[in-house]
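These are the residues of each chain, in order.
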Amino acid sequence: MNKLKKGDEVVVLSGRDKGKKGKLLRFGKKGRVVVAGVHQVKRHQKPNPTTNVPGGIITKEGTIHHSNVAILNPDNNKGARVAIQRTDNGNKVRVFVRTGKLVDD
């Protein structure tokens, strides 16, 4: 079980977008993640008339390393560390280290 999941609300801990919050969209290669609205990069795109894709300069989200994001704790609106614990019936759950509350309430 991973400590981060697709759809989690995360905050960026370091880099040029430090402090920005967004939803975790997907996981990339080599431990990198894509967060909505964070690390915007510009890419040049060729037009493709068969698929009706216009050409030009497009802006999209780039990847950042997973160690530079932390899951957002809704109680104090800050980034928090997450631990994985087992429940009494043997299921694994994610809990905030500082408060002990479940992440997926």
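Residues numbered from 1 in each chain as written. Predicted model: local features only at pLDDT ≥ 70, side-chain atom pairs only at ≥ 80, totals over all residues. Heavy atoms only, no water.

Visitor: Hey, could you run me through the overall build of the chain in this one?
Guide: Along its length, the chain carries zero helices and 10 strands. The N-to-C order of helical and strand elements in the chain reads β-β-β-β-β-β-β-β-β-β. The C-alpha atoms of the chain give 17 Å as radius of gyration, which overshoots the globular expectation for 105 residues (13 Å, by more than 25%). The principal-axis extents of the C-alpha atoms in the chain amount to approximately 60 × 30 × 25 Å. Expressed as a percentage of its 105 residues, the buried residues of the chain come to 25%. Residue pairs at least 24 apart in sequence account for 38% of intrachain contacts in the chain once pairs closer than 6 positions are excluded. (Helix = DSSP H or I, 4+ residues; strand = E, 2+ residues; numbered from the N terminus. Rg over C-alpha atoms; globule rule 2.2 N^0.38 Å. Buried < 20%, exposed > 50% of the residue type's maximum accessible area, 1.4 Å probe, protein only. Contact = heavy atoms within 4.5 Å.)

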